[in-house]
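Survey of secondary and tertiary structure
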Amino acid sequence: MQRAINDFTIRVATVNGSGSQSSNLVLTNAIFSLGIPVAPKNVFPSNIEGLPTWFDVRVTARGYQCRTREIDLLVGLNAATWRTDVASVKPGGAIVHEASYPIAGDTLRDDVVYYAVPFNELAKANFDGTLRKYLLNMVYVGVLAELLGIDEATIEAAIGKQFKSKPKAVATNMDAARVGFAYAREHLTKNDPYALERMSGRTEGRLFMDGNRAAALGCVMGGCTVAAWYPITPSSSLCENFIALTEKYRVNKATGEKNVAIVQAEDELAAIGMVLGAGWAGARAMTSTSGPGLSLMAEWAGYGYYAEIPAVIFDVQRAGPSTGLPTRTMQADVSFAYHLSHGDTKHIVLLPATVNDAYEMAMDAFDLADRFQTPVFVLSDLDLGMNSWITEPFAYPERPFDRGKVLDAADLAKAESWGRYRDVDHDGIPYRTLPGTDHPNAGYFTRGTGHDEQARYSELPDVWQRGLDRLTRKHDTARAAVPKPIVEDDGQPAAILAYGTTHHAVVEARDILRADGIAVDYLRLRALPFAPEVAAFIARHERVYVVEQNRDAQLYTLLRAELPNHLVSRIRSIRHYNGVPIDAHAIIDPLLAAEREPAVVAE
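A word on the nonpolar core
Of all hydrophobic cores here, the largest spans 57 residues; its most connected members are Ile10, Ile31, Val96, Phe119, Ile150 and Ile155. It is helix α4 (residues 132–148) that provides the largest number of residues to this core, a total of 11 residues. Residues within four places of Ile31 in sequence aside, it is in contact with Ile36, Val38, Val57, Val59, Ile150 and Leu196. Counting 49 residues, the second-largest nonpolar core is a separate cluster that includes Ala278, Ala285, Val544 and Leu555.

Spelled out as structure tokens, the structure:
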């Protein structure tokens, strides 16, 4: 039996509301503390309690952060999904399970190893009724740790980290883990290939963080002083983290006064209205939401675009349409966010792929919103927002805030005249003043209806058309200001174009393809509108596969609409849209099929 060291995936199958999340994070952090890269993926139902939930812990010495289809080691603790869970384990795998579950019929396999553990009996014998169902989960942590080679001290440190705000819970949970350690030592004979061995140089100095927390920190560093929001999965923890951070870092130590305003609004429509009001007044303001909330914000988004008011909107995408799958991930709001509003509208959209992106693009968003006087959308997704990722420490921002074209009293005193919507610099971006500016010429009307360059009401056709043309000019100016794509171009005939968390599956897919003698170039898109580098990259390649996590090929469609006609035939679509994070083979399989028949669009 060939050992599989630091290269396998554990799946824990339980029920929602059982407290397994804490135990799974203890296991994940314990592995990470051994210097071994790990990628957790939580697939959980949208109800509070009772439905099946799965937590995958991918252990990968190569540092891959995407999901994998193969399950090597199963912890089966949900009778309702027992049969399908057993079927999910690959040949040669192992199954740790509740001893009372039947191993017969389609659950009896001769190509896997079974470890029967009487979890329920152990819980009854060792814990009282109120804590029993929660501590049972820590028992399987102890069992897995013993089987995989994690020592008790490492688990105890991980438990201490998980329950640092509840020190009394540390000893209780460690006692439960020791029950698992002891049972595995005394009753289980290891007969599987999976093992963990400490590594060096892979996780030292690195952080383990979710994207929502990183984005919240970016908001603090980006000078955000106003947040208005309405809770919605999977975005709620972004504002919750922002609140926690401001309670620590946005308080005057001398007076105890907070220098931040945070409002939980009655709904998403009210939230975006507050954000635009604050942006108009000169504050850096944001809201966070997901698809259904974004739908409610459409009219206000158009107002912000046409009246030209800075705002930052974080959309942590989930599966739609309608209420959809609230706890599943997709990239299905791209075209919606880009055109959000009725009428001719195009917004700046940032597309973070990593935790570091979430941090840096939060700061970028406020600068871009001020500079271009417009709503800016940051499109994360559930996978990035709620799962934990390995990341390098964040850089402290060195550059000053870019407040854009703001006229103060001294500027107004020098100017013979100014017009709020006048394009002085021929870049589409007008000048503005902030309320309270001490000069008689500072005031103007902010209009969401037709207006001329002086902010005067107008319905004249040529004035209306000039206004829309200027907004197009401003959007084109933004092409050179948004985060540029990251390009890896070795002159191959075929390439991949992707964005957001799809990036992590692309990284692994390219490695697998390269090992099989097939090299493909790569462009990671980081923002809309399309930077000039995008068309240039496509022009250098015969075939470019646009990989995204939605049914309707949204980015592919936007590219077809904006690319020169002679480049449209070069792009092909690869899509993944079942609600779970994309894996490498969801890219490899259709790409290889299309490469054999290049004229066929991959589905």
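Remarks on empty space enclosed by the protein
One water molecule sets the probe size; rolling that probe over the atoms shows where empty space is left. Enumeration according to the criterion identifies 8 cavities of 30 Å³ or more in this entry. As a volume, the largest cavity reaches approximately 70 Å³. What lines the largest cavity is Tyr305, Lys346, Ile348, Phe372, Thr374, Leu471, Lys474, His475 and Ala478. The dominant element in the lining of the largest cavity, judged by the number of residues it contributes, is helix α16 (residues 461–478), at 4 residues.

Some remarks on the sheet that holds strand β2 (residues 7–15)
One key point about sheets: their strands pair by backbone hydrogen bonds, in either a parallel or an antiparallel sense. If you trace the 6 strands from one edge of the open sheet to the other, you get β3-β4-β2-β5-β6-β7, paired in mixed fashion. Looking at which strands have only one partner, the edges of the open sheet turn out to be β3 (38–43) and β7 (113–117). Pairwise comparison of adjacent strand axes, ignoring direction, gives a mean angle of 15 degrees for this sheet. Where β2 meets strand β4 (residues 52–60), 9 bridges bridge the pair, whose relative direction is antiparallel.

Things to note about the packing of helix α5 (residues 152–162) against helix α6 (residues 167–187)
Where α5 meets α6, the closest approach of the two axes is 10 Å, and the angle between their N-to-C directions is 150 degrees. The angle between α5 and α6 falls in the class roughly antiparallel. Viewed along their axes, α5 and α6 form a crossing whose handedness is right-handed. For the pair formed by α5 and α6, the contact residues are Glu152, Ile155, Glu156, Ile159 and Gly160 on the first element and Val170, Asn173, Met174, Ala177, Arg178, Phe181 and Arg185 on the second. By residue class, the composition of the contact of α5 with α6 is 6 nonpolar, 2 polar and 4 charged.

Observations concerning the domain arrangement of the chain
Parsing the chain into structural domains produces domain 1 (4–195), domain 2 (209–391), domain 3 (405–482) and domain 4 (486–600). The straight-line distance from the C-alpha centre of domain 3 to that of domain 4 is 39 Å. In this complex, domain 3 contributes 4 residues to the contact, which on the side of domain 4 involves 7 residues. Taking both partners together, domain 3 and domain 4 bury about 440 Å²; carbon and sulfur atoms supply 65% of that area. Seen at the junction of domain 3 and domain 4, the total is 1 salt bridge. For Arg479, the salt bridge is made with Glu562, and the minimal N-O distance between the two is 3.5 Å. At the surface where domain 3 touches domain 4, the tally comes to 1 residue pair in polar contact (both at pLDDT 80 or more). Considered class by class, the residues forming the side of domain 3 that touches domain 4 number 2 nonpolar, 1 polar and 1 charged.

Structural notes on the environment of Thr327
Among the secondary structure elements, Thr327 is positioned in the loop between β13 (311–317) and α12 (334–338). Residues Thr327 and Pro45 lie 282 residues apart in sequence; the distance between their C-alpha atoms is 6.2 Å. Those residues in contact with Thr327 that lie beyond four places of it in its chain are Phe44, Pro45, Ser46, Thr233 and Leu382. Within the structure, the side chain of Thr327 is placed 3.2 Å from the side chain of Arg328, a separation counted as a polar contact.

Some remarks on the sheet that holds strand β18 (residues 494–499)
Within the open sheet, the 5 strands sit side by side as β17-β19-β18-β21-β22. Their pairing is mixed. Strands with a single pairing partner mark the edges of an open sheet, and in this sheet they are β17 (486–488) and β22 (571–575). Direction aside, the axes of adjacent strands within the sheet are offset by 20 degrees on average. Two strands pair when backbone bridges link them, and β18 and strand β21 (residues 543–548) are joined in this way by 5 bridges, in the parallel orientation. Of the residues in β21, the one forming a bridge with Ile496 is Tyr545.

Section: the packing of aromatic side chains
Counting across every chain of the model gives 7 aromatic pairs. With a centroid separation of 5.3 Å and 55 degrees between ring planes, the pair formed by Trp82 and Tyr101 is classed as tilted. Of this pair, Trp82 sits in helix α2 (residues 82–88) while Tyr101 sits in the loop between β6 (89–98) and β7, and the two are 19 residues apart along the sequence. Pair check on accessibility: Trp82 and Tyr101 agree, each one buried. Ring geometry for Trp300 versus Tyr303: centroids 5.6 Å apart, planes at 85 degrees, classification edge-to-face. With Trp300 and Tyr303 both in helix α11 (residues 298–307) and 3 residues apart, this pair spans about one turn of that helix. For Trp300, a relative accessible area of 29% gives the class partly exposed. Taking NZ or CZ as reference, Arg447 lies 5.0 Å from the ring centre of Phe445, over its face.

The rules behind each value
- Residues numbered from 1 in each chain as written.
- Predicted model: local features only at pLDDT ≥ 70, side-chain atom pairs only at ≥ 80, totals over all residues.
- Heavy atoms only, no water.
- Core = buried A, V, L, I, M, F, W, Y, C linked by side-chain atoms within 4.5 Å.
- Buried < 20%, exposed > 50% of the residue type's maximum accessible area, 1.4 Å probe, protein only.
- Helix = DSSP H or I, 4+ residues; strand = E, 2+ residues; numbered from the N terminus.
- Contact = heavy atoms within 4.5 Å.
- 1 Å grid on protein atoms, 1.4 Å probe; cavity = no way out; pocket = protein on both sides within 12 Å on 5 of 7 lines; lining within 4 Å.
- Points joined across faces, edges and corners; volume = space filled by probe spheres on them.
- Pairing = 2+ DSSP bridges.
- Axes fitted to C-alpha atoms, helices over the stretch in contact; angles between N-to-C directions.
- Parallel < 35°, antiparallel > 145°, perpendicular 65-115°, else oblique.
- Left-handed = near helix turned anticlockwise from the far one by under 90°.
- Nonpolar A, V, L, I, M, F, W, Y, C, P; charged D, E, K, R; others polar.
- Domains from an automatic or database assignment.
- Buried area = accessible area lost by both parts, 1.4 Å probe.
- Salt bridge = Lys/Arg side-chain N within 4 Å of Asp/Glu carboxyl O.
- Polar contact = N/O pair within 3.5 Å; in protein donor to acceptor, adjacent residues only side chain to side chain.
- Phe/Tyr/Trp six-rings, centres within 6.5 Å; stacked < 30°, edge-to-face > 60°.
- Lys NZ or Arg CZ within 6 Å of the ring centre and 35° of its normal.

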